[in-house]
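Structural characterization, general
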Amino acid sequence: QRRVDEIENELLDVQNQKRRVFESIEEVLEEISKIKTPTSGLFSQVNISHMHLKNFSNQKERYEEEIVNLEQQIDGLKELYKEANIEFEKIKYLDDLEIKKQLEELKVQESKDMDEIGNLLFTKNKMKVKA
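Attention here is on the structure that accompanies the text. (Residues numbered from 1 in each chain as written. Predicted model: local features only at pLDDT ≥ 70, side-chain atom pairs only at ≥ 80, totals over all residues. Heavy atoms only, no water.)

**Quick word on a nonpolar patch on the surface**
Counted only if it meets this: Patches draw on residues past 30% relative accessible area with no salt bridge. Two like charges within 9 Å are joined, as are two nonpolar side chains (Val, Leu, Ile, Met, Phe, Trp, Tyr) within 5 Å. Working definition of accessibility: Shrake-Rupley area with a 1.4 Å probe, residue cover restricted to the visible protein chains. Definition used for salt bridges: Asp or Glu carboxyl oxygen within 4 Å of a side-chain nitrogen of Lys or Arg. Strands are runs of DSSP state E lasting at least two residues, helices are runs of H or I lasting at least four, and both sets are numbered from the N terminus onward.
Among the surface-exposed residues, Y93, L94 and L97 lie close enough to one another that they form a single nonpolar patch of about 320 Å² accessible area. Mapped onto the fold, L94 is located in helix 2 (residues 43-130).

In structure tokens, the structure reads:
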């Protein structure tokens, strides 16, 4: 169960990272939409505006690559979670079988003990009747 919980927590962490990266992408898109590219004027102003757009575009691409990597991590963690959960269920099933086996053995022993007590009482009562 501990392993299942650990994987589940890691999965939640990666999903939160993915959400934060999506928020970062939205921020970059917002910044891009604020940039006004001059169509005329000094070359340096046009060039600076173009550089800002290129920087934001590159940043967005890096975030998108990070999203792809996080999605791959999420897929891997989901598979690990599935395997760990199956393993946990197997162990739980085997534990349940072992407990059932032990309870059955206790019942058999209790039945033997009761038979023995019954025999002792029967013998004791038989002895009293003879005496």
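That shown, we press on.
**Considerations on helix 2**
Quick reminder: α-helices carry 3.6 residues per turn. Residues three or four places apart thus point the same way. Under the convention used in this document: To estimate how far a helix should reach, multiply one less than its number of residues by 1.5 Å. Relative accessibility thresholds used throughout: buried, under 20% of the residue-type maximum; exposed, over 50%; partly exposed, between the two (1.4 Å probe, protein chains only).
Relative to the 130 Å expected for 88 residues at 1.5 Å per residue, helix 2 spans 128 Å between its end C-alpha atoms, a close match to the ideal helical length. All buried positions along helix 2 are accounted for by S49, F56, Y63, I67, L70, I74, L77 and A84.

**What about the pattern of salt bridges?**
One pass over the full model with this rule turns up eight salt bridges. Here K18 makes a salt bridge to E71, at a shortest N to O gap of 3.2 Å. With a gap of 53 residues between them, K18 in helix 1 (residues 2-34) and E71 in helix 2 connect regions that are remote in the sequence. The exposure class of E71 is partly exposed, given its relative accessible area of 33%. Among the salt bridges present, the one from E64 reaches K60, with a minimum N-O distance of 2.9 Å. Note that E64 and K60 are positioned in helix 2 at a spacing of four residues, about one turn of the helix. Judged by its relative accessible area of 22%, K60 falls in the partly exposed class. Overlapping salt bridges bring together R2, R3 and E6 as one network.

**Comments concerning the nonpolar core**
Selection rule: Take the buried Ala, Val, Leu, Ile, Met, Phe, Trp, Tyr and Cys residues and link them wherever side-chain atoms come within 4.5 Å; each set so joined is a nonpolar core.
With 14 residues, the main nonpolar core has V14, V21, I25, Y63 and L77 as its most contacted residues. Put simply, the parts of the chain that give this core at least two residues each are helix 1 and helix 2.

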